[in-house]
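A structural walkthrough
The primary structure of each chain is shown beneath.
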Amino acid sequence: MAARGHVQDPNDRRLRPIYDYLDNGNNKMAIQQAEKLLKKHRDLHCAKVLKAIGLQRTGKQDEAFTLAQEVAGLEPTDDNSLQALTILYREMHRPELVTKLYEAAVRKVPTSEEYHSHLFMAYARVGEYKKMQQAGMALYKIVPKNPYYFWSVMSLVMQAISAQDEKLSHTMFLPLAERMVEKMVKEEKIEAEAEVQLYFMILERLGKYAEALEVVRGQLGEKLTSELQSRENKCMFLYGRLEQWPECNALSRKLLLKNPDDWQFYLSYFDSLFNLIDQSWTPPEEGNHSAEGEVHCSVAQAIGFVEERLASEEVKETRPLRGPYLARLELISRLRQRGSPDEQQLGEPLELMFQYFVKFGDKPCCFTDLKVFLHLLSPDHYVQFVNRLTEAVPLGPVGEDGVALPGDTRALQRHLGAAQLSRCLGLQHALSTDGKLALIHELRAHYRHGLQFGTSCLKTELQFSDMYCLMAAHVYIDLWIETGKEHVLWQCLGLLEEGLAHSPSNAQIKLLLLLLFCRLGAFEPVVDLYSSLDAKHVQHDTIGYLLTRYAESLGQFAAASQACNFSLRFFHSNQKDTSEYIIQAYKYGAFEKIPEFIAFRNRLNNSLHFAQVRTERMLLDLYLDADISSTLEESVKNMSLCPEEDDIPWDSLRDNRDLDVFVSWNPKVQQLSKEHRQLSLEEESLWLRLRSLTLRLAGCLSGLCHSPQAPPPATPHAQRNAEKSAENGVASKPADMQPLLGQLERTDGTMHTTRLRQYPFLGPPPTRLPQALANGSCQCQLVALQLPLHVQELETSGLGTLESQHLQAQIANLFKSLTVQLQDMLNKCKGDLLEVTDGRCRAQPSLLENLVFFVETVCVVLWVSSHCSGTLRPLKSSLQKKKKKKKETSTVTPVVLSGFQEFTASLQTLLSQAVEQIQDQESSLTALKLEALSLEGLPQRTFIKAAMDKVQSSYLRSLQEVGDLLRKRADTLKSLKI
């Protein structure tokens, strides 16, 4: 442990074995060793803390906390105890306790630099910016070092950033921070670049760009040396903010003369040029044009400048730079936007782009460079352009496949670039079905031919021709969408499986396979594919949706639970990790990074994916574990779920999904638009709201109590006692459920009126909304969750009263309605998931999703039924006692009791039907002979068969898990008797 390295304590030798045991993960031995030591040295506080760490790591959190607080109450000042307590509190996720620890230490040893700095960092972990400012100044007074002073300044800046009132930031916090830095500037005490960066940040936030420019261009600016061209970049930014376009233009021109391949300076040059033209700016007759030198203020000068850069590239013997060639196209694009005829002086875009392809076509970046400027071509010239590109590719003679193939990797890259541009212009999409099949044949031939160039590649390297495989898969997908013929999709899967076999590290092939398997309803192969992607850190938020969206909905509950846990671990560690990043930024003076770290933490805390995973994980736990009221209550308690509180930040939800994760060469009209992204977010938020309300209503349901006595409270005093017990948390009140049910009804209504959009295939995955609406699960769950309120009302009025008759009939009708709706849902699950007809395989993944919705609804209905059973049982008992007292001989069963008995009997029959239906589907799947498929003649038949086997295996596993859960719920139902 870190504490040992610098501990100068006579007890160090005694504590060393405990440290060693903890470091090696032998926590039990660490506890035993600590107990032995404490018998001899009762006042050895560090031994107690180390024992507490051992207890914490063995799951005895309460004992560990008690022991830690016992030591903390003594306010220790020895380094061993303080560091050990810091480690313990960090593991307990209680960083606020560390601050109290060092506050006490600083009170006892007020001149300790170490304790003061530890106190500052403890405040940094919990975001106490005001206290950080005070601690930083206290530290500077004890040890007058610049870093401590600027810690305090940065803490003021953080108060400004986090302040709710922006006016307060600009009138108090930032001006105070500015004065503090100016004091150091006047006293000539500025030493480090980080201090200048902080001064620049303060002036920028105050909008004092002129003063910031003086700082950057003055003596302090000379300290800005850590980043290449840091000073110039800051000047460029400030000239833009101050609209000093002459200086901006001159500086960007000067920098382009030094480095003609820096694209950001071309953009600054053109931005400033056209602003000067719009302002009709003219250079002065005498003296310099600007503080930065000569200024260009006309289109002719810009054309001349770009042509000069190109001329210098043409005479170079070394490989030419791309920047000047792209700058010419950028200038044409801007001139065309302005309707200027001067663009003709630069040449025809088609010819210029062709020349660019000739020079740089063997580079993978050629496609992405030219893609930006394809709008300069008229649609009439698309075919001509692509034909010229193809003719410029050096291909060999026509081979056995009837396809001319490249002789080396450079020719391969040129041909691939031409194919990518052809697809981006929409020429591939315009082909007929036969044309697309011929294209697939050609792309496949190029892919297999290209494999010879990568025979020496390592497994971690990509094959040169992988992009051909992906493009052919995209054309297959186009065909599938157009024709609806599923055999095309199986061939696509086979080709991608072949691609993955040759290039096992290709993330794009894995992602596309993952998407296709999910669309086919097969989740089992997806788990391994996602795992092999080896997603790191923030990718769990940006691409995690690809996994968690389908896990539960396809019936793979164990995998869903694991996937949710995986994502949640990242989100929960974010808070702790970000605090450490902030502390390191303070230590090393990277002040400009601190607001970025804070923003990053907030972005993850407000993540849509985080809210979805958290909600789905809790619902999944309830579906799997909570079968009757008692276990539902226990599960809700373990989750620390508070139904009254909505912990999802609806107003600040962030959609962090990377919806561009799939490589795509589709034309712009078929790409994901901003409208698509916004609509997807709205749909996801709507579905999340529905799931969140279902979860909170389950929490309310778990808290509804059943009176132990049969009749309702007979006296006002008894009524008050019952109400008091509910208020003390013994039970939820019906009033808790009413507003949530109202919200659920409104959400359900919104779902029915929402127009669901079709997204591009490679865009966001569709939500579960359409399927939920189609199979009626939302309506059925809503009806079920309304029952407890009616039953509670019946409990208050009793069974024997006249006013209860109407209520009983209403509840009995709801029972009947639930039975009908559940039967209808089960009917929508009938059919074979996978079937072979006419030698071709067809999948019906929607049946699996319907089956999962049915199971989820059954779980909700059973929770409600368990509550109803617990309420009606004492009411029936009470009624029987009354009849005995009055010596009544009537044998008429109240409507609600007979209705409930009929309901549970129908439910038992329904679940038996469902289990039998699943068994039939399993038998049908197992008996399915995929060997009978007509795959002969298909070049990737082995891989197609492998993909079909994976889908078949996944369906069987899903049916098994769903069937097991239904059988468990059927057993539960047998205990619901009144």
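Structural data are supplied above this passage.
Report follows, based on the coordinates. (Residues numbered from 1 in each chain as written. Predicted model: local features only at pLDDT ≥ 70, side-chain atom pairs only at ≥ 80, totals over all residues. Heavy atoms only, no water.)

**Let's talk about the packing of helix 25 (residues 507-519) against helix 26 (residues 524-533)**
In contact at an axis separation of 9 Å, helix 25 and helix 26 are set at 155° when each is read in the N-to-C sense. Regarding the angle of helix 25 to helix 26, the classification is roughly antiparallel. For the crossing formed where helix 25 meets helix 26, the hand is left-handed. Touching A507, K510, L511, L513, L514, F517 and C518 of helix 25 are P525, V526, L529, Y530, S532 and L533, all from helix 26. (Axes fitted to C-alpha atoms, helices over the stretch in contact; angles between N-to-C directions. Helix = DSSP H or I, 4+ residues; strand = E, 2+ residues; numbered from the N terminus. Parallel < 35°, antiparallel > 145°, perpendicular 65-115°, else oblique. Left-handed = near helix turned anticlockwise from the far one by under 90°. Contact = heavy atoms within 4.5 Å.)

**Points about the environment of K436**
Here K436 is to be found in helix 22 (residues 433-450). Look at K436 and you get buried, because its relative accessible area is 0%. For K436, the contacting residues outside a window of four places in its chain are Q428, H429, L431, V475, D478, L479 and E482. There is a polar contact of 2.9 Å between the side chain of K436 and the side chain of E482. (Buried < 20%, exposed > 50% of the residue type's maximum accessible area, 1.4 Å probe, protein only. Polar contact = N/O pair within 3.5 Å; in protein donor to acceptor, adjacent residues only side chain to side chain.)

**Here we look at the layout of surface pockets**
Here the largest pocket is characterised by a volume of approximately 1,100 Å³. Elements with a contribution of two residues or more to the lining of the largest pocket: helix 23 (466-483), helix 24 (486-502), helix 25, helix 28 (545-551), helix 36 (769-775), strand 4 (840-843) and helix 39 (845-886). The element best represented in the lining of the largest pocket is helix 23, accounting for five residues. Per-class residue counts for the lining of the largest pocket are 19 nonpolar, ten polar and ten charged. (1 Å grid on protein atoms, 1.4 Å probe; cavity = no way out; pocket = protein on both sides within 12 Å on 5 of 7 lines; lining within 4 Å. Points joined across faces, edges and corners; volume = space filled by probe spheres on them. Nonpolar A, V, L, I, M, F, W, Y, C, P; charged D, E, K, R; others polar.)

**Structural notes on the pairing of strand 1 (residues 395-398)**
Relative to strand 2 (residues 404-406), strand 1 runs antiparallel, the two being bridged by two bridges. From the neighbouring strand, L395 faces strand 2, where its bridge partner is P406. Between the end of strand 1 and the start of strand 2, which pair antiparallel, lie five residues, with G402 showing a positive phi angle near 75°. (Pairing = 2+ DSSP bridges.)

**Here we look at the nonpolar core**
Counting 299 residues, the largest nonpolar core has W490, L496, Y586, F591, F854, W863 and L966 as its most contacted members. With eight residues, the next largest nonpolar core counts F571, F600, F610 and V613 among its residues. (Core = buried A, V, L, I, M, F, W, Y, C linked by side-chain atoms within 4.5 Å.)

**Concerning the pattern of salt bridges**
Opposite charge on two side chains permits pairing when their charged atoms draw close. Applying the stated criterion across every chain, the model contains 44 salt bridges. Between E497 and K950 there is a salt bridge, with its nearest N and O atoms 3.0 Å apart. Of this pair, E497 sits in helix 24 while K950 sits in helix 41 (residues 941-974), placing them 453 residues apart in sequence. The exposure class of E497 is buried, given its relative accessible area of 9%. The residue R677 makes a salt bridge to D660 at a minimum N-O spacing of 2.9 Å. Here R677 is found in helix 33 (residues 674-703), whereas its partner D660 is found in the loop between helix 32 (629-638) and helix 33, with 17 residues between them in sequence. (Salt bridge = Lys/Arg side-chain N within 4 Å of Asp/Glu carboxyl O.)

**A word on the environment of K48**
Note on placement: K48 falls in helix 3 (residues 45-57). You can call K48 buried: its relative accessible area is 16%. In the structure, K48 is positioned 19 residues away from L67 in sequence and 6.8 Å away in space, judged by C-alpha atoms. Setting aside chain neighbours within four positions, we find K48 in contact with L38, R42, L67, E70 and V71. Separated by 2.8 Å, the side chains of K48 and E70 make a polar contact.

**Points about the packing of helix 12 (residues 209-217) against helix 13 (residues 230-242)**
In the contact formed by helix 12 and helix 13, the axes pass within 10 Å of each other and the chain directions differ by 160°. Between helix 12 and helix 13, the angle falls in the class roughly antiparallel. At the point where helix 12 passes helix 13, the crossing takes the left-handed sense. Contacts between helix 12 and helix 13 involve Y209, A210, A212, L213, V216 and R217 from the first element and R231, K234, C235, L238, Y239, R241 and L242 from the second.

**Some thoughts on the packing of aromatic side chains**
With the rule as written, the count across this model stands at 22 aromatic pairs. Geometrically, the ring pair formed by F120 and Y586 is edge-to-face, given 5.2 Å between the ring centres and 85° between the ring planes. Here Y586 lies in helix 29 (residues 557-588) and F120 lies in helix 7 (residues 113-126), a separation of 466 residues in the sequence. By relative accessible area, which is 0% here, F120 ends up buried. The buried category is assigned to Y586, whose relative accessible area is 1%. Ring geometry for Y325 and F360: centres 5.6 Å apart, planes at 70°, overall edge-to-face. Here F360 lies in helix 18 (residues 349-360) and Y325 lies in helix 17 (residues 323-337), a separation of 35 residues in the sequence. The exposure class assigned to F360 is buried, which follows from its relative accessible area of 0%. Members of the aromatic cluster, joined through ring pairs, are F120, Y148, W151, Y586 and F591. One cation-aromatic arrangement involves R657 over Y545; the distance from NZ or CZ to the ring centre is 5.8 Å. (Phe/Tyr/Trp six-rings, centres within 6.5 Å; stacked < 30°, edge-to-face > 60°. Lys NZ or Arg CZ within 6 Å of the ring centre and 35° of its normal.)

**Observations concerning helix 14 (residues 245-258)**
In this model helix 14 runs 20 Å from its N-terminal to its C-terminal C-alpha over 14 residues, within 8% of the 20 Å that 1.5 Å per residue would give. Along helix 14, eleven of the 14 residues are buried, which leaves the element largely enclosed by surrounding structure. Here helix 14 has its buried residues at W245, P246, E247, C248, N249, A250, L251, S252, R253, L255 and L256. (Expected span 1.5 Å × (residues − 1).)

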